[in-house]
Amino acid sequence: MTMYDYAQQSKFADKIKQMHAAETNGSELYFVLIYLAREKGLHDLAEAMLQNACEDALHGGMYGAMLGKGKEQEDELWQQVVRLYKLEAAAQDKLHMLADEIRAAGEGALADCVESTIVEENTHAQRLKDVFEKHGIAY
Ligand SMILES: [Fe+2]
Ligand SMILES: [Fe+2]
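Chains are numbered independently. Their residues run from 1 in the order of the written sequence. Whichever chain is written first becomes A and whichever ligand is written first becomes 1, with later ones labelled in order. Residue-level local features of this predicted model are given only where pLDDT is at least 70; pairs of side-chain atoms are given and counted only at 80 or more, and the full residue set underlies all totals for whole chains, interfaces and linings. With hydrogens and water excluded, all non-hydrogen atoms of the structure serve as input to the side-chain values.

Let us look at the overall build of the chain. Strands are runs of DSSP state E lasting at least two residues, helices are runs of H or I lasting at least four, and both sets are numbered from the N terminus onward. Helix and strand counts for the chain come out as 5 helices and 0 strands. Seen in sequence order, the chain has helices and strands lined up from the N terminus as α-α-α-α-α. Dimensions along the principal axes, computed over C-alpha positions, put the chain at roughly 55 × 40 × 30 Å. Counting all 139 residues of the chain, 23% fall into the buried class. The contact criterion used throughout is that any non-hydrogen atoms of two residues lie within 4.5 Å. Of the contacts formed within the chain by residues at least 6 apart in sequence, a portion of 59% connects residues at least 24 apart. Approximately 9,900 Å² of the chain is accessible, and the part contributed by carbon and sulfur atoms is 56%. Charged side chains of the chain number 14 positive and 24 negative; the gap between the two group centres comes to 5 Å. Only protein chains enter the accessibility calculation, which uses a 1.4 Å probe; a residue whose area is less than 20% of its type maximum is buried, one above 50% is exposed, and one in between is partly exposed. For the area figures, the Shrake-Rupley method with a 1.4 Å probe applies, and any residue is considered shielded solely by the protein chains shown. For the charge count, each Lys or Arg is scored as positive and each Asp or Glu as negative, with His and the chain ends excluded. One atom stands in for each charge, and that atom is NZ of Lys, CZ of Arg, CG of Asp or CD of Glu.

Here is the structure:
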C-alpha cells in the first residue's frame, strides 16, 4: 500500500497541502539561516538547524508524495532520478560558465559562491551513478 496521491481520496487534502507548504517553506528558511549562521561562525546552531531542516524537508516530501508529486511506479521513479542525475552531472560546466561571466562583470564574491557548489554537485552525480551501477540502471 502506498500513500502516493492519497490526497485525492482524503477529506484532508487542503490540510495536506498546508502541511506540505509549511514543511517545505520551513526547511527552506532553515537552510537560509544555516548559511547565515555559518557566515558568523555559529557552527553549533547551524548543525542543530541542519538536522531539523533535513527532517522537515523529508516531512515535506511525505506530504508531496501524498499530493501526487514524483513517480510511484518503480521504473518511472528510476527514470526520474536518472533525469536528476543528468542535471547534476551537467552542473559543473554550466556553473563554471556562469561564474566566469559573473567574474568578468566584476562580481568576484558572487562568482566564488557559485563555484563553491561545484565539488558537491559532482559528488551528487557520483553518488547516484554508484547506485545506478549497483542496480544495473542505464543512465
Ligand atoms: Fe516537520
Ligand atoms: Fe545537486
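Now, onward.
By salt bridge we mean one thing: a side-chain nitrogen of Lys or Arg within 4 Å of a carboxyl oxygen of Asp or Glu. Tallying each qualifying case throughout the model produces 2 salt bridges. Residue Arg 103 is joined to Asp 112 by a salt bridge in which the shortest nitrogen-to-oxygen separation is 2.7 Å. Classification of Asp 112 by relative accessible area gives partly exposed; the value is 45%. The partner of Arg 103 in a salt bridge is Glu 115, with the nearest N and O atoms 3.1 Å apart. Placement of the pair is Arg 103 in helix α3 (residues 74-104) and Glu 115 in helix α4 (residues 108-115), with a sequence separation of 12 residues. For Arg 103, a relative accessible area of 33% translates into the label partly exposed.

Our focus in this paragraph is the side chain of Glu 121. As for its placement among the helices and strands, Glu 121 is situated in helix α5 (residues 118-135). Of the side chains with opposite charge, Arg 127 comes closest to the buried, unpaired Glu 121, at an N-O distance of 8.8 Å.

So, on to the coordination of the iron ion (ligand 2). Protein ligation of the iron ion (ligand 2) involves Glu 88 (OE), Glu 88 (OE), Glu 121 (OE) and His 124 (ND1), the donor distances falling in the range 2.1 to 2.6 Å. Along the chain, the residues that donate to the iron ion (ligand 2) are spaced as E-x32-E-x2-H. Placement of the pair is Glu 121 and His 124 together in helix α5, with a separation of 3 residues, close to one helical turn. Owing to a relative accessible area of 25%, His 124 belongs among the partly exposed residues under this scheme. Coordinating donors are taken to be N, O and S atoms lying within 2.8 Å of the metal, or within 3.2 Å when the metal is Na, K or Ca; because water is excluded from the atom set, some sites may appear incomplete.

In this scheme, a helix's expected span is set at 1.5 Å multiplied by one less than its residue total. Here helix α2 (residues 43-66) spans 35 Å end to end across 24 residues, near enough to the 34 Å set by a 1.5 Å rise per residue. Restricting attention to buried positions, one finds in α2 the residues Ala 46, Met 49, Ala 53, Asp 56, Gly 60, Tyr 63, Gly 64 and Met 66. One or two steps after α2, the chain reaches Gly 68, where phi turns positive at roughly 85 degrees.

This brings us to the domain arrangement of the chain. Domain assignment breaks the chain into domain 1 (6-66) and domain 2 (74-135). A C-alpha centroid distance of 22 Å is found between domain 1 and domain 2. Residue ranges for the domains trace back to a domain assignment, done automatically or taken from a database.

Angle between the axes and distance between the axes are the two parameters that describe a pair of packed helices. Their axes nearest at 8 Å, the elements α3 and α4 cross at an angle of 170 degrees. When the interaxial angle is binned, α3 and α4 end up roughly antiparallel. For the pair α3 and α4, contact is made by Leu 95, His 96, Leu 98, Ala 99, Asp 100, Ile 102 and Arg 103 and by Gly 108, Leu 110, Ala 111, Asp 112, Val 114 and Glu 115, respectively. For this classification, Asp, Glu, Lys and Arg are treated as charged, while Ala, Val, Leu, Ile, Met, Phe, Trp, Tyr, Cys and Pro are nonpolar and the rest, including Gly, are polar. Here the residues of the contact of α3 with α4 sort into 7 nonpolar, 2 polar and 4 charged. In this analysis an axis means a line fitted to C-alpha atoms, helices contributing only their contacting stretch, and an angle means the value between N-to-C directions, from 0 to 180 degrees. Geometric relationships in this document are graded by angle, where less than 35 degrees denotes roughly parallel, more than 145 denotes roughly antiparallel, 65 to 115 denotes roughly perpendicular, and other angles denote oblique.

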